[in-house]
Amino acid sequence: MSDFDEYIIQGEPSQKEKAQIWQTAIGLQDVDGLKVSDYLIETVKENIEGKITIGEVKYRINSYYKQTASRKTIENRTDEADKVSVNIAEILSEKTFSFSPTD
């Protein structure tokens, strides 16, 4: 089970949509062999629950890594995975974005 399955299965429609977006964004990092931080997962849950916006997630992640530039997590490239996941989620959340093959 993923960190967001509870929202996908039992959440409100907006929570389900956000959880699927985040699951996709984080999954794309996983395909590249990159793992996101526990901090991102906890911050994303706040977004899914409607407590903060994606913009706030982005701000918190950027601040987190500015403050912790010497952390070992950066050496493991979690900073890259976190930041790219946020960017992907931001794009997927845009109502004008369409993720479909062209005919």
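Reading guide: rules and limits
Starting afresh in each chain, residues are numbered from 1 along the sequence in its written order. For a predicted model such as this one, the threshold for reporting local features is a pLDDT of at least 70, and the threshold for listing and counting side-chain atom pairs is 80 or more; totals across whole chains, interfaces and linings nevertheless cover every residue. Excluding hydrogens and water, the side-chain values take into account all heavy atoms of the structure. The helix and strand labels rest on DSSP assignments: H or I over at least four residues marks a helix, E over at least two residues marks a strand, and numbering proceeds from the N terminus. Only heavy atoms matter for contacts: two residues are in contact if any of them lie within 4.5 Å across the pair. As used here, the term nonpolar core means buried Ala, Val, Leu, Ile, Met, Phe, Trp, Tyr and Cys residues forming a set that is joined through side-chain atoms within 4.5 Å. Each residue is placed in one exposure class: buried if its accessible area under a 1.4 Å probe, protein chains only, is under 20% of its type's maximum, exposed if it is over 50%, and partly exposed if it falls in between. For helices, the fitted line uses only the C-alpha atoms of the stretch in contact; every axis is such a line through C-alpha atoms, and the angle between N-to-C directions lies from 0 to 180 degrees. When describing relative orientation, an angle under 35 degrees is termed roughly parallel and one over 145 degrees roughly antiparallel, while 65 to 115 degrees is termed roughly perpendicular and anything else oblique. Crossing handedness is defined as follows: a turn of the near helix away from the far one that is anticlockwise and smaller than a right angle gives a left-handed crossing, while the clockwise case is right-handed. In this count, Pro and Cys sit with the nonpolar residues alongside Ala, Val, Leu, Ile, Met, Phe, Trp and Tyr, while Asp, Glu, Lys and Arg are called charged and the others, Gly among them, polar. In this scheme Phe, Tyr and Trp rings, the latter by its six-membered ring, pair at centre separations within 6.5 Å, and the angle between planes marks the pair as stacked below 30 degrees, edge-to-face above 60, and tilted otherwise. pLDDT is a per-residue confidence score from the predictor, ranging from 0 to 100.

**Student:** Please set out the environment of Ile-88 residue by residue, giving values where relevant.
**Tutor:** Considering the arrangement of structural elements, one finds Ile-88 in helix 6 (residues 78-93). In this structure, the C-alpha to C-alpha distance between Ile-88 and Leu-28, residues 60 residues apart in sequence, is 8.8 Å. Residues contacting Ile-88, with those up to four places away along its chain left out, are Ala-25, Leu-28 and Gln-29.

**Student:** Hey, could you go over the nonpolar core for me, with residue numbers and the actual values?
**Tutor:** Among the nonpolar cores identified, the biggest contains 24 residues, and Phe-4, Trp-22, Leu-40, Ile-48, Val-57 and Val-86 are the most heavily contacted of them. Counting only elements with at least two residues in this core, the list comes to helix 1 (5-10), helix 2 (13-31), helix 3 (38-48), helix 4 (54-67) and helix 6. Not counting residues up to four positions away in its chain, the partners in contact with Val-86 are Trp-22, Leu-40, Ile-54, Val-57, Lys-58 and Ile-61.

**Student:** Can you break down the packing of helix 2 against helix 3 residue by residue, with the values?
**Tutor:** Following both chains from N to C, one finds helix 2 and helix 3 inclined at 155 degrees, their axes separated by 9 Å at the closest point. Here helix 2 lies roughly antiparallel to helix 3, going by the angle between them. Remark: the crossing between helix 2 and helix 3 carries right-handed chirality. Listed contacts from helix 3 to Gln-15, Lys-18, Ala-19, Trp-22 and Ile-26 of helix 2 are Leu-40, Ile-41, Val-44, Asn-47 and Ile-48. When grouped by side-chain class, the residues that make up the contact of helix 2 with helix 3 number 7 nonpolar, 2 polar and 1 charged.

**Student:** For the packing of aromatic side chains, give the residues involved together with the corresponding values.
**Tutor:** Counted according to the given criterion, the structure contains 2 aromatic pairs. Ring centres 4.3 Å apart and planes at 10 degrees place the aromatic pair Tyr-39 and Tyr-64 in the stacked group. Within this pair, whereas Tyr-39 is found in helix 3, its partner Tyr-64 is found in helix 4, the two being separated by 25 residues in sequence. The partly exposed category is assigned to Tyr-39, whose relative accessible area is 30%.

**Student:** Run through the confidence of the model for the protein, naming residues and quoting values.
**Tutor:** This prediction gives the protein a mean pLDDT of 88; 85% of its residues lie at or above 70. Here helix 5 (residues 72-75) is the element of the protein with the lowest mean pLDDT, 56, and helix 3 is the one with the highest, 96.

**Student:** Which residues make up the packing of helix 4 against helix 6, and what are the values?
**Tutor:** Contact pair helix 4 / helix 6: the axes reach a minimum separation of 10 Å and the direction vectors enclose 165 degrees. In terms of orientation, helix 4 and helix 6 fall into the roughly antiparallel class. Seen along the crossing, helix 4 lies across helix 6 with a hand that is left-handed. Of the residues in helix 6, those touching helix 4 at Ile-54, Val-57, Lys-58, Ile-61, Asn-62 and Tyr-65 are Thr-78, Asp-79, Asp-82, Lys-83, Val-86, Asn-87, Ala-89, Glu-90 and Ser-93. The class makeup of the residues in the contact of helix 4 with helix 6 is 6 nonpolar, 4 polar and 5 charged.

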